[in-house]
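Okay, here's what each chain looks like letter by letter:
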Amino acid sequence: MLLLAVAFIVAFVLLLYMVSPLISPKPLKLPGAHVVVTGGSSGIGKCIAIECYKQGAFITLIARDENKLLQTKKEIEKYSVNDKQVVLCISVDVSKDYEQVENVLKQAQEKLGPVDMLVNCAGTSVTGKFEAIEVNSFERLMAVNYLGSVYPSRAVIATMKERRMGRIVFVSSQAGQLGLFGYTAYSPTKFALRGLAEALQMEVKPYNIYVTVAYPPDTDTPGFAEESKTKPLETKLISETSSVCQAEQVARVIVKDAIQGNFNSSVGSDGYMLSILTSGMSPVTSITEGLQQVVCMGIFRIVGLFYLGSFDSIVRRCMMQREKSESTDKTE
């Protein structure tokens, strides 16, 4: 009886693996495709643009700093695979004026054709204790990290629906899966992208448009280096529990998942665990993915509780050390 049950389970799993590709989206072909990358002048955005260009895509880079854009354009063009490829640069703040964003994307599509894949990578970060962060920083981060993804997506979605194809990528963060000390201004903006992506995916899936939410870990970028200068001690100690990834590695994973139409994109073992733990009601691209979530959820929850316990211990220890130091200063 036991052997029969095991055989049934094995046969069921094998069937899922066989059926899964039949219901998965058809991969997007990058050669000749038009890929738009916001925040594309540095960091993960630049590496995503390079990765797509290496695969034969036409690239539109969008960022605020025109000089950095032109410098990045020269760097990307070194990786061309044919003489027809083009890198178009547009200097605009994607978080301020929707009509301006819509107009520049119309111009980009007139020059390079309809957008096949939009990668929303524009973002910024502020770290610090909740009460120490300037109130206007909360507004600024929500504008850049959330509305800076809403506006470009809104500008291309109608054309994608007409063509019955497209990919939209939202670059969130592991801080958009798990709220951490010091990220009270940043985390909510990245969590918001998840809600936007889930709702949007339900709307556009019938049109053969697939949304990907990427959750990169700490990544070696200029933005990360700048952020690290103001991190509270607790945040630094918690960050030390995981390694820092290279932007090129993160970009390759994001591009691969976006091409396949995967909803979740994560890097490394910690990222895989977090994606399953926070999957909730998020869509799955294949039956296999759903099965993995069902099987691993309980085990990963136990592991996650140990992580949370260690983080709480770090915060409590830092608080006690700070209070002790302040008490010593007063007595002196």
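Residues numbered from 1 in each chain as written. Predicted model: local features only at pLDDT ≥ 70, side-chain atom pairs only at ≥ 80, totals over all residues. Heavy atoms only, no water.

This is how it is decided: UniProt positions are given in the numbering used here, feature names are shortened, and annotations may be inferred rather than shown by experiment.
Within an unreviewed UniProt entry, the label attached to the protein reads 3-dehydrosphinganine reductase, and the organism entered is Lophotis ruficrista. What UniProt records for the protein under Sequence similarities (unreviewed entry) is the sentence "Belongs to the short-chain dehydrogenases/reductases (SDR) family."

Quick notes on the packing of helix H2 (residues 43-54) against helix H9 (residues 247-260)
Packed helices, taken two at a time, are described by the angle their axes make and the gap between the axes. Applicable threshold: Angles shown run from 0 to 180 degrees and are taken between the N-to-C directions of axes, each axis being a line fitted to C-alpha atoms and, for helices, limited to the stretch in contact. Strands here mean DSSP runs of E at least two residues long; helices mean DSSP runs of H or I at least four residues long; both are numbered from the N terminus. Convention used here: angles under 35 degrees read as roughly parallel, angles over 145 as roughly antiparallel, angles from 65 to 115 as roughly perpendicular, and any remaining angle as oblique. Working rule for handedness: look at the near helix, and if it is turned counterclockwise from the far one by less than a right angle, call the crossing left-handed; if clockwise, right-handed. We call two residues in contact when some of their heavy atoms are within 4.5 Å. By the convention adopted, Pro, Cys, Tyr, Trp, Phe, Met, Ile, Leu, Val and Ala count as nonpolar, Lys, Arg, Asp and Glu as charged, and the other residues, Gly among them, as polar.
Packing of H2 against H9 leaves a shortest axis separation of 8 Å and a crossing angle of 60 degrees. Relative to H9, the element H2 lies oblique. Here the hand of the crossing between H2 and H9 comes out right-handed. When H2 is examined against H9, the residues Gly43, Ile44, Cys47, Ile48, Glu51 and Cys52 are found in contact with a partner set consisting of Ala247, Glu248, Val250, Ala251, Arg252, Ile254 and Val255. Of the residues in the contact of H2 with H9, the class split is 9 nonpolar, 1 polar and 3 charged.

A few points about the UniProt feature "coiled-coil region" (unreviewed entry) in the protein
The residues that UniProt annotates with the feature "coiled-coil region" (unreviewed entry) are residues 62-111. Taken end to end, residues 62-111 is 52% helix and 14% strand, and its first and last C-alpha atoms sit 15 Å apart.

Remarks on the packing of helix H5 (residues 135-163) against helix H6 (residues 187-204)
Between H5 and H6, the shortest axis-to-axis distance is 9 Å and the interhelical angle comes to 15 degrees. Here H5 is positioned roughly parallel relative to H6, judged by the angle of their axes. Viewed along their axes, H5 and H6 form a crossing whose handedness is right-handed. Each of Leu141, Met142, Asn145, Tyr146, Ser149, Val150, Ile157 and Lys161 in H5 lies in contact with H6, whose residues at this interface are Pro188, Thr189, Lys190, Ala192, Leu193, Leu196, Leu200 and Val204. Its residues placed into classes, the contact of H5 with H6 shows 11 nonpolar, 3 polar and 2 charged.

Brief notes about helix H3 (residues 66-77)
An α-helical turn contains 3.6 residues, so any two residues separated by three or four positions project in the same direction. Our working rule: Multiply 1.5 Å by the residue count of a helix minus one, and that product is the helix's expected span. Each residue is assigned to one of three classes by its accessible area relative to the maximum for its type, calculated with a 1.4 Å probe on protein chains only: buried under 20%, partly exposed between the two thresholds, exposed over 50%. In this description, the arc belongs to the directions extending from the helix axis to the C-beta atoms.
With 12 residues, H3 should cover 16 Å at 1.5 Å per step; its first-to-last C-alpha distance of 17 Å lies within 8% of that length. Turning to H3, its buried residues number three or more, namely Leu69, Thr72 and Ile76. For H3, the angular spread of the buried residues around the axis is 65 degrees, confining them to a single face. Among the exposed residues of H3, those oriented more than 90 degrees off its buried face are Asn67, Gln71 and Lys74. On its buried side, H3 packs onto H2, strand E2 (58-63) and strand E3 (87-91).

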